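Read off the chains here:
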Amino acid sequence: MMRLVHAVGIERLLVELSDVIEDDFRRWDLFDKTPRIASHSKEAVIELMPTSDGEIYSFKYVNGHPKNMAQGLQTVTAFGLLAEVSTGYPVLLTEMTLLTALRTAATSAMVARHLAPKDARTMAIIGNGAQAEFQALAFKAVCGITHVQLYDIDPMATAKTARNLSHFGLKVTACASSQAAIEGAGIITTCTADKQFATILTDNMIGAGIHINAVGGDCPGKTELHYDVLSRADTFVEYTPQTRIEGEIQQMPPEFPVTEMWKVVSGQATGRRDARQITLFDSVGFAIEDFSALRYVRGKLAGTGLYQDLDMIADPDEPRDLFGMLQRSRKI
Ligand code: NAD
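The notes below deal with the structure included here.

1. Side note on the pattern of salt bridges
- Scanning the model with the defined rule gives 23 salt bridges in all.
- The salt bridge partner of R27 is D53, with a shortest N-O separation of 3.1 Å. Taken together, the residues R27 in the loop between α2 (10-26) and β1 (37-41) and D53 in the loop between β2 (44-52) and β3 (56-64) connect sequence positions 26 residues apart.
- Overall, the relative accessible area of 27% leaves R27 in the partly exposed class.
- Here D53 falls in the buried class, since its relative accessible area comes to 13%.

2. Notes on helix α3 (residues 97-115)
- Across its 19 residues, α3 extends 27 Å between first and last C-alpha, which sits within 8% of the 27 Å expected from 1.5 Å per residue.
- By the criterion of burial, α3 is predominantly enclosed, with 16 of the 19 residues buried.

3. Here's the deal with the pairing of strand β5 (residues 90-95)
- In terms of strand pairing, strand β4 (residues 78-84) meets β5 through five bridges, oriented antiparallel. In the strand pairing of β5, L81 is matched with L93.
- The hairpin formed by β4 and β5 contains five residues between the paired strands, and G88 there has a positive phi angle of roughly 80 degrees.

Each value, and the rule that gives it
Residues numbered from 1 in each chain as written. Predicted model: local features only at pLDDT ≥ 70, side-chain atom pairs only at ≥ 80, totals over all residues. Heavy atoms only, no water. Salt bridge = Lys/Arg side-chain N within 4 Å of Asp/Glu carboxyl O. Helix = DSSP H or I, 4+ residues; strand = E, 2+ residues; numbered from the N terminus. Buried < 20%, exposed > 50% of the residue type's maximum accessible area, 1.4 Å probe, protein only. Expected span 1.5 Å × (residues − 1). Pairing = 2+ DSSP bridges.

This is the structure we're talking about:
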């Protein structure tokens, strides 16, 4: 995956991936959709995210363990699989830890292309962990952001992000508070990790016209925004049944109005109406984005040699003679 990202170039990859995700959002009706299948433990979650467009099937296995960081482990790790529906045979098995960061950022930027103020050039990023640089680069490449203002409760995380972003032509400012980070920003990205109802943004921090890209609140009992921010914003989601369980809107009653992004990208709903509107993308990550990412990777891999042909499935010469294949293998 790393060699593929370098071969394509990370900013070009983020632009292409955001286009592929937008294409699949336009084909929304074709897909099987289900909220992800989550296995919750006290402070973490392990999830399966399946979908299919009738021709290709995909799933991702992903965990979310905010406490991992204290043990020197990652919060989010993932792998995923693509299969052909016509045969059921798997055709691609790949790491998706990096790919999840890329697809999450590409989705956020694709959504912001429709919702954020067109003249926004400065973005605040609150939470400077694993996702932060990907978000910064996607917003640069897709939305034309030129300046990022960073804040994390851990100054080492902010220093890491500033260092990593220093060669990408972005102006990067490390801030000492979230209030300082949002100063003058037209877009605010929150990507903190804490399995609790946290309040990263309060109502008094949000001025008219802001676009909020809320990435970190993505599981039951884990949110980043104060209830009052949601009351003032127009909220956009991926797949409503999943977001009601996992997103910022889990704080709101079930009838709280939201707009699914596929409707905006296909012209069936309005995104940004006016310059004073506060828009909120309540991102939780949906299976179709992983499907898009896997489909994109498969297309890019062809002819590169950046993959291995693995024996993922048993392959008897005579399809019904599975046992005979096993017996003959003793002599090999
Ligand atoms: P990470 O653990 O690498 O980084 C999280 C950072 O947040 C840490 O640096 C931590 O110090 C900081 N933080 C925690 N509380 C904070 C606070 N109150 N104010 C400022 N900073 C704070 O995690 P990550 O991989 O970057 O993921 C961030 C979040 O995004 C996680 O909750 C993850 O589950 C979520 N996520 C969502 C999607 C999606 O599609 N919506 C995809 C991937 C990850």
